[in-house]
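Here's the letter readout for the chains.
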Amino acid sequence: METHRLRKHADYQLVYKAGRKQFAKQIAYFYALRPAERRSETAGPRVGLTVPKALGKAVDRNRIKRRLREAVRRALPRLTAPVDVVLHPRRSVIDAEFAAIEREVAVIFRAVQAAYERVAAKASGEGKAS
């Protein structure tokens, strides 16, 4: 996952500003298509995590991040689009079974991939019409 990680504050801000916000059961997520000039940095998706202090002490937040990172690592092959995704878990993730978190991350990645494919199909369809 190391190369598929959002790291810079500016990248997170771009996703928040230019992207879409969606909700799953236990995780809110933001995603944005990466501009063409920035795609050369990383070919595939980049994923970032935000775990607010409201979710508990540092021990709890770090545990949430570890579990989410592992779920992302396992689900990453489902997402091939050049998009940036930020996962923002809810408090219920602390007590959730790992399998449920893993399923939810997979569902999120499938939804983001499908949204990208719709945009790509629409763009290629418009190109043929002109």
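What this report covers is the structure whose coordinates are included nearby. Per chain, the residues get numbers from 1 upward, laid out in the order the sequence is written. This being a predicted model, a pLDDT of at least 70 is required before a residue's local features are given, and a value of 80 or more before pairs of side-chain atoms are given or counted; all residues contribute to the totals for chains, interfaces and linings. Think of the side-chain values as coming from all heavy atoms in the structure, minus any hydrogens and water.

Looking at the pattern of salt bridges
Point 1. Just to be clear on terms, a salt bridge is a Lys or Arg side-chain nitrogen sitting within 4 Å of an Asp or Glu carboxyl oxygen. Summed over all chains, the structure comprises six salt bridges.
Point 2. In this structure, Asp84 engages Arg46 in a salt bridge whose closest nitrogen and oxygen atoms are separated by 2.9 Å. One end of the pair, Asp84, is in strand E4 (residues 83-89); the other, Arg46, is in strand E3 (residues 46-49), with 38 residues separating them in the sequence.
Point 3. Arg74 is the salt-bridge partner of Glu70, the closest N and O atoms lying 2.9 Å from each other. Of the two residues, Glu70 and Arg74 both sit in helix H2 (residues 58-75), four residues apart, roughly one turn of that helix.
Point 4. Buried, partly exposed and exposed residues are distinguished by accessible area as a fraction of the type maximum, computed with a 1.4 Å probe on protein chains only: under 20%, between the cut-offs, and over 50%, respectively. When its relative accessible area of 24% is taken as the criterion, Glu70 is described as partly exposed. Numbering of helices and strands runs from the N terminus; a helix is a DSSP stretch of H or I covering at least four residues, while a strand is a stretch of E covering at least two.

Some words on the pairing of strand E1 (residues 20-23)
Point 1. Any two strands with at least two DSSP-identified bridges between them are counted as paired. The sheet contact formed by E1 and strand E2 (residues 27-33) spans four bridges and is antiparallel. Paired with Gln22 across the bridge in E2 is Tyr29.
Point 2. In this antiparallel pair of consecutive strands, E1 and E2, the connection spans three residues.

Here we look at the nonpolar core
Point 1. Note on terminology: a nonpolar core comprises buried Ala, Val, Leu, Ile, Met, Phe, Trp, Tyr and Cys residues joined through side-chain atoms within 4.5 Å. Residues Val85, Leu87, Val105, Phe109 and Val112 are the most contacted members of the largest nonpolar core, which totals 28 residues.
Point 2. Sort the elements by how many residues they give to this core and helix H3 (residues 98-129) lands first, with seven residues.
Point 3. By size, the runner-up hydrophobic cluster in this structure holds six residues, among which are Tyr12, Val15, Ala32 and Val86.

Details of the packing of aromatic side chains
Point 1. Stacked, edge-to-face and tilted labels apply to pairs of Phe, Tyr and Trp rings (six-membered ring for Trp) whose centres lie within 6.5 Å, assigned for plane angles under 30 degrees, over 60, and everything in between, in that order. Scanning the entire structure with this criterion turns up two aromatic pairs.
Point 2. On the basis of an interplanar angle of 80° and a centroid distance of 4.7 Å, the ring pair of Tyr16 and Phe30 is categorised as edge-to-face. Of the two residues, Tyr16 is situated in helix H1 (residues 9-18) and Phe30 in strand E2; the sequence distance between them amounts to 14 residues.
Point 3. Their ring planes at 25° and their centres at 6.3 Å tell us that Tyr29 and Tyr31 sit as a pair that is stacked.
Point 4. Among the residues examined, Tyr29 registers a relative accessible area of 6% and is labelled buried.

What to know about H2
Point 1. Its 18 residues place the ends of H2 25 Å apart at the C-alpha level, agreeing with the 26 Å of an ideal helix rising 1.5 Å per residue.
Point 2. Along H2, the residues classified as buried are Arg61, Ile64, Arg67, Leu68, Ala71, Val72 and Ala75. All buried residues of H2 lie within an arc of 140° about the axis, which places them on one face of the element. For H2, exposure combined with an orientation more than 90 degrees from the buried face picks out Val59 and Arg66. Expected helix span is computed as 1.5 Å times (number of residues minus one). Arc, as used here, means the arc of the directions from the helix axis to the C-beta atoms.

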